[in-house]
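# Structural features, examined
Listed below are the residues making up each chain.
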Amino acid sequence: MPKGAKTCPGCKATVGCRAHDCPCGHKFLTAIAGTEEHKAKEEPGFWPVTGNTITTPAGRAPAWKGDLGEWVERCEQQALPNYLAESALRYWLRNVVSQEEFVFLAPQLRGLVGEAA
Ligand SMILES: [Zn+2]
């Protein structure tokens, strides 16, 4: 599959990745951010993600110091308390620890992430 293309599930033709419909009549559904269909595509198992929750953080991850709990606290100070989704913390965590540590630590994040109100 060339970059920038997708396959029509109806006729197997290759169309541009931004095409909304195929010459065969198939309509590609585009999930609109904030709608239920869009949310359904997010990784399962996270805390409910609400309006202001950050799922992909911007900027540099806070430096790794101390243990996971301390680090999560520092991340939250950089954003707003309880506004970083687990996916955001995992994204940052991957940038500050080795792959081995990440595999060990990432599953523990869930217990440290607050549920955004
Ligand atoms: Zn088609």
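All figures in this text were calculated on a predicted structure; none of them were measured in a lab. Residue numbers run consecutively from 1 along every chain, following the written order of its sequence. Only residues with pLDDT of at least 70 are given local features in this predicted model, and only at 80 or more are side-chain atom pairs given and counted; all residues enter the totals for whole chains, interfaces and linings.

Attention now moves to the overall build of the protein chain. Helix and strand assignments follow DSSP, with helices taken as H or I runs no shorter than four residues and strands as E runs no shorter than two, numbered in order from the N terminus. Along the backbone of the protein chain there are 4 helices and 2 strands. N-terminal to C-terminal, the α/β element order of the protein chain is β-β-α-α-α-α. Across the 117 residues in the protein chain, those meeting the buried criterion constitute 12%. Residues are treated as contacting if the C-beta atoms built from their backbones sit within 7 Å of each other. For the protein chain, the share of sequence-separated contacts (at least 6 apart) that also reach a separation of at least 24 residues comes to 46%. Backbone-placed C-beta atoms define the burial measure: a residue is buried with 20 or more other C-beta atoms within 10 Å of its own, exposed with 12 or fewer, and partly exposed in between.

Moving on: unusual backbone geometry. Although it is not a glycine, K12 adopts a positive phi angle of roughly 70 degrees. Along the chain, K12 falls in the loop between β1 (5–7) and β2 (14–16). Given 9 C-beta atoms within a 10 Å radius, K12 is considered exposed.

Joining buried Ala, Val, Leu, Ile, Met, Phe, Trp, Tyr and Cys residues through C-beta atoms within 7 Å gives a set, and that set is a nonpolar core. Counting residues in each nonpolar core, the largest one holds 10 residues, listed as W71, V72, C75, L84, A85, A88, L89, W92, L93 and V113. If you list the elements that add at least two residues to this core, you get α2 (68–78) and α3 (86–96). Looking at this core, the element that brings in the most residues is α3, giving 4 residues. Among residues more than four places away in sequence, those in contact with L84 are I54, P57, C75, E76, A79 and L89.

Moving on, we come to the environment of G25. Topologically, G25 is positioned in the loop between β2 and α1 (36–40). Each C-alpha atom, one on G25 and one on C8, is 9.8 Å from the other, the two residues being 17 residues apart in sequence.

What follows concerns the confidence of the model for the protein chain. Per-residue confidence from the predictor is reported as pLDDT, which spans 0 to 100. For the protein chain, mean pLDDT is 78; residues scoring 70 or higher make up 74% of the total. α1 is the least confidently modelled element of the protein chain, averaging 58 in pLDDT, while helix α4 (residues 99–109) averages 91, the highest of any element. Contacts of residues 43–47 to residues separated by more than four positions or lying in other chains number 9 contacts, the stretch itself having pLDDT below 50.

With respect to the helices and strands, the residue W71 is situated in helix α2. Once the C-alpha coordinates of W71 and L93 are considered, the two residues, 22 residues apart in sequence, prove to be 9.0 Å apart. If we skip the residues at most four places from it in the chain, W71 touches P62, W64, K65 and G66.

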